[in-house]
Structure formats: C-alpha cells, structure tokens
Amino acid sequence: MMTTHEKTNEQPTHALSYYDNLTGLAHKRYYHERMSCLLKTAARRNEQFAFLFIDLDDFKDVNDRYGTQLGDQFLHAIAQRLKLVVREVDFIARLEGDQFCIILDNITDDHDVIKVINRCLQKIKKPLTIETHLLTPTASIGAAIYPRDGINESDLISAADFAMHQAKQAGKQGYVFYSKNKSNLATLRREKEYLLREAFKQNQFVLYYQPQLSMTNRQVVGVESLVRWQHPTLGIVAPDYFLDLVEQLELQTQLGNWAIKTACEQLANWHRSGLAFIPVAVNLSPSHFQDHLLIQTVKDTLQKTGIPAEFLELEVTESAMQTKGHIDVFKQLRKIGLKIAIDDFGTGFSCLASLKQLPLDCLKIDKIFIDDMLSNSHTALLLGTIIGLAHALDYSLVAEGVETEEQALKLQHLGCDIIQGYFFSKPLPADDIPSFIKKTLVDN
Ligand SMILES: [Mg+2]
C-alpha cells in the first residue's frame, strides 16, 4: 500500500520530467505525448488545431552580451509572458533554447489563431528590465494548421518551422502562416525584387518629413525625413514593405546617400523660399557606416547644397552605435558638425552606463515606451530615468510616436520637451512643410 509520504515524493519527480526547470513550461517530452494525443483526438472528432512555433529574435545577442545567466532570466520572463497569453485549454511548451510552441486546440478559422499570435507578439515585445539592463524582446512566429498543413507531428513542426524562418526573413517581430505553395512565395519575391530595382533606376523614392515640436512653445524645432516609395500603380508604399529587401539586395548605401542628398537639397529649397534653416534628420542603415566614402559623400553634399553641417542629423540604431569601428566614423561626422541621434532608443541593447562615452547628440525614445507609459507605472519610471540620464549627459531628447495630448503632457512633465508623432503631425510631403511651420508660428 502506498503511504502519504510516498505520494508526496512522487509528484516532484513527475513535475521534473514533464516541466522545464528554467521556465516551468511543459518539457519537450510532455509536448510529444500531448501532440500524439491531440492528433488522435482531432482526427476522431474531425477538428482543426494550430501549432505555433515561436523563436525569439536575436536571443544569441542577449547571451553574448550579458552572459547566459541573464539569458536564462530573460527566457524565464518570456515564458511568463507567454503563459499570460494562452487560455487554460491551450498547451504551451519550451521546445529547446529560445524556442517555444503553443498549440491551440479546436480552432475554426485562421482569424482566431491570428488573434492569439498578435497577443503573443504584443506581450513579448514589452520592454523588460533585468538587473540594470533594459531589453526589448521580440519573436518570430510560424503557424501550421492540422490537418491542412500536416497530419503528423513531424510534418506540422517542419511546416511551422519553415513559416517561422520566413517570418525572420521578412524582418522579424512578425508571423507567417505556412503555405504549401512555396514556389508562389519565391515568384512573389522575384517580382518584388524586380520592382525595387526599377524603383532605384527610375527614381521612384521620395522623402516625407515629420515635424518635431517643442512642447514649450509648440513650434517646429526639426523634421525627420522618412523614405517612401512612390510606385506608378501601387501608390505610396511604406518602408516596412521594402527596407528588408533593400538590405538583402545591399542597396542600403545607395538609398542612404540618396536620402542625404535629397534632404539637403530640400532644406536648401525651403531656405530659398524664405524659411529659416531647420534641422533635418536622415535615417541610415547600420551597414552604411562601413562605407568608406560616407564622410566624403556627406562633405560633398553639404558643400554642393550650401547647408551648414549642424542642420544635418543622422539617425542610427543602438546596434550601429555598438559596432566596432563605427564610433570613429561618428566622431569624424561630429567633427564636421553633424549631429548623431540614436533612433528607437530603448529597444536595442544599450547599457545606460556606457552612453556617456558615445559620440552622440540626441536620443530618440522609441514608441513602445510611449504606448505603454500611461498604463504602466513601471514604464513611466523607466522613462523618467532615461530622461534624467539624457539631461545629465547633455543629450537632447525626442519622443517618437506620440499620439495623444495626454502622452505629450506626461512626457513634458517627465522632462522630455520635443515631441514627434501623430499628435502634432503625420509625415508630410515636402511641399506641405512651409505652411505647417507658418501655421504653428501664427497659432502661438
Ligand atoms: Mg528614425
């Protein structure tokens, strides 16, 4: 007969073999069992289920940069976030490393699956503080549906894995449903590549300009230039659609040089029409800083257009800041008089403490903080810290993606005065900028 004592001893053994120590999620073994069960039930009941393959983006960077101990804490935190997303009936497991799966039982259409996927992506990407590091996790998700994409475990997992890799290729932080018609995808990509190369040949790119305003006097203190693709039949195409492909085709330097030239020419045009010079920011790809001609290109452009260097600002990502060899380039650019801004600040891996050594002028606070700051006191606290630090280091600050007056006022209260986002204005065609500026002058 079994004693009570023996019984209590048995449970942890079961738990250890079925649950992953680090995250508390189901273990791969448990997953195999559950899967074979599900396949049988679904076949008998004629039901569908969805298999989501979740792979964290750039997890290796976290481990490399901060060590595996912090990496483990990171995985643990992500697992807790995933748990919050699923219903009790759904199954979630850690497959290995930074790979997880979620199985959504008895689904009727893809929209239900998309809803869960979107919840996952939203939940995962919230800023995460571990020790003193601010991390912004993201993930790519591949989805496969039983029986449409496979009727056994190995077919389903390879379909979801294939889709997950496509999500990575499409720029990460996204999802892809498996499609049997792989050749169709390849054709689409070839078509897109052709269209993009044509866009370069036929000068189909334009810059839009998003005003940045000071909360104190509600006047324009600068603009960020944003590239758009003006396709003859598709209309205005947003960069999300083509920037990844630009990188894959290694056209980013060409696009960046064009953007610098166009922004400076535009600034000269506005100036000729009677507008005072305003700072204009240009976004550059991290790899553009490996171009040995960059500094000369910038010098030549400034000289040709007659723009004083201090009105040209280059926006770079945090990762570009931390790439070896780039720091020197930034120093040289600043020596000419250009301003350097870190874009999407808070989403990369900046160690706040190392900021003071960087050759830089401005931090642009990423939209994810803004979206979250009114509902999450933790985020507001982090923002306050970032703002305080920027002031202490004498960097200017711009908050991006500000959509409401409430957000703008809160940011002002926290000490961030310069606001960019739909609250003041969406990105505008170049011709609309002078009247926008004049209007803010009249209004105030
Ligand atoms: Mg930017």
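All values derive from a computational prediction rather than experimental measurement.

Distances from the magnesium ion to its protein donors, E224 (OE), N283 (OD1), E315 (OE) and D343 (OD), fall at 2.1 to 2.4 Å. All donors of the magnesium ion come from a single chain, and their spacing in sequence reads E-x58-N-x31-E-x27-D. With E315 in strand β12 (residues 312-316) and D343 in strand β13 (residues 339-345), this pair connects stretches of sequence that are 28 residues apart. With relative accessibility at 10%, the residue D343 sits in the buried group.

Applying the stated rule across the entire model yields 17 aromatic pairs. Ring centres 6.1 Å apart and planes at 50° place the aromatic pair Y31 and F51 in the tilted group. Of this pair, Y31 sits in helix α2 (residues 28-45) while F51 sits in strand β1 (residues 48-56), and the two are 20 residues apart along the sequence. Ring plane angle 35° and centroid distance 5.3 Å describe the contact between F277 and F311, whose orientation is recorded as tilted. In this pair, F277 sits in the loop between α9 (252-272) and β11 (280-283) while F311 sits in the loop between α10 (294-305) and β12, placing the two residues 34 residues apart along the sequence. Lying over the aromatic face of Y208, R228 brings its terminal NZ or CZ to 5.6 Å of the ring centre.

Let us now look at helix α15 (residues 405-414). Because an α-helix completes one turn every 3.6 residues, residues spaced three or four positions apart along the sequence face the same direction. Considered for burial, the residues of α15 that qualify are Q407, A408 and L411. Down the axis of α15, the smallest arc covering the buried residues is 100°, so these residues share one side. What points out from α15, more than 90 degrees from its buried face, is the exposed set E406 and H413. The inward-facing, buried residues of α15 abut α13 (367-373), α14 (377-392), β15 (396-399) and β16 (418-420). G415 sits one or two positions beyond α15 and adopts a positive phi of about 110°.

Quick look at the pairing of β13 now. Among the 7 residues that make up β13, 5 are buried, leaving the element largely enclosed by the rest of the structure. Examined bridge by bridge, β12 and β13 share 4 bridges and lie parallel to one another. When the bridges of β13 are listed, V316 appears paired with I342. Note: β13 against strand β14 (residues 362-365), 3 bridges, orientation parallel. Its bridge partner lying in β14, F345 is registered against I365.

Moving on, we come to the pattern of salt bridges. Per the stated rule, a full pass over the model turns up 20 salt bridges. Between D20 and R94 there is a salt bridge, with the nearest N and O atoms lying 3.1 Å from each other. Remark: R94 occurs in strand β2 (residues 91-96) and D20 occurs in the loop between α1 (4-18) and α2; sequence separation between them is 74 residues. When its relative accessible area of 13% is taken as the criterion, D20 is described as buried. The exposure class of R94 is buried, given its relative accessible area of 15%. Across the salt bridge formed by K367 and D371, the nearest N and O atoms sit 2.9 Å from each other. Of this pair, K367 and D371 both sit in helix α13, 4 residues apart, which is roughly one turn of that helix. Classification of D371 by relative accessible area gives partly exposed; the value is 41%.

As for its position among the elements, R228 is in strand β9 (residues 220-231). Filtering out sequence-adjacent residues up to four positions away, R228 remains in contact with Q204, F205, V206, Y208, I236, V237, P239, F242 and P427.

Judged by how many residues are buried, strand β8 (residues 205-214) sits mostly within the fold: 9 of 10 residues are covered. Pairing between β8 and β9: 9 bridges, direction antiparallel. Residue pairing for β9: L213 is matched across the bridge by V220. Where β8 folds back on β9, the antiparallel hairpin that results is connected by 5 residues, among which R218 adopts a positive phi of roughly 55°. One ladder, built from 2 bridges, connects β8 with strand β17 (residues 428-429); its direction is antiparallel. Bridging across to β17, Y208 finds its partner in P429. Two elements, β8 and β16, share 3 bridges in a ladder whose sense is antiparallel. Each bridged residue has a counterpart across the sheet, and for S214 the counterpart in β16 is I418.

Direction vectors running N to C along α2 and helix α6 (residues 153-169) enclose 110°, while the axes themselves pass 10 Å from each other. As judged from the angle between their axes, α2 and α6 are roughly perpendicular. Residues Y31, H32, M35 and L39 of α2 form the contact with α6, whose participating residues are E153, L156 and I157. Taken together, the residues of the contact of α2 with α6 break down into 5 nonpolar, 1 polar and 1 charged.

This part covers the domain arrangement of the protein. Annotation of the protein at the domain level lists domain 1 (17-179) and domain 2 (193-443). A straight line from the C-alpha centre of domain 1 to that of domain 2 covers 34 Å. Listed as interface residues are 16 residues of domain 1 and, on the opposing side, 14 residues of domain 2. Summing both sides of the interface, domain 1 and domain 2 together bury roughly 1,200 Å²; the carbon and sulfur share of this comes to 57%. Looking only at domain 1, the three residues that lose the most surface to domain 2 are P127, L134 and T136, adding up to 41% of its buried area. For the pair domain 1 and domain 2, the interface holds 1 salt bridge.

Conventions and cut-offs
- Residues numbered from 1 in each chain as written.
- Predicted model: local features only at pLDDT ≥ 70, side-chain atom pairs only at ≥ 80, totals over all residues.
- Heavy atoms only, no water.
- Donors = N, O, S within 2.8 Å, 3.2 Å for Na, K, Ca; no water.
- Helix = DSSP H or I, 4+ residues; strand = E, 2+ residues; numbered from the N terminus.
- Buried < 20%, exposed > 50% of the residue type's maximum accessible area, 1.4 Å probe, protein only.
- Phe/Tyr/Trp six-rings, centres within 6.5 Å; stacked < 30°, edge-to-face > 60°.
- Lys NZ or Arg CZ within 6 Å of the ring centre and 35° of its normal.
- Arc of directions from axis to C-beta.
- Contact = heavy atoms within 4.5 Å.
- Pairing = 2+ DSSP bridges.
- Salt bridge = Lys/Arg side-chain N within 4 Å of Asp/Glu carboxyl O.
- Axes fitted to C-alpha atoms, helices over the stretch in contact; angles between N-to-C directions.
- Parallel < 35°, antiparallel > 145°, perpendicular 65-115°, else oblique.
- Nonpolar A, V, L, I, M, F, W, Y, C, P; charged D, E, K, R; others polar.
- Domains from an automatic or database assignment.
- Buried area = accessible area lost by both parts, 1.4 Å probe.

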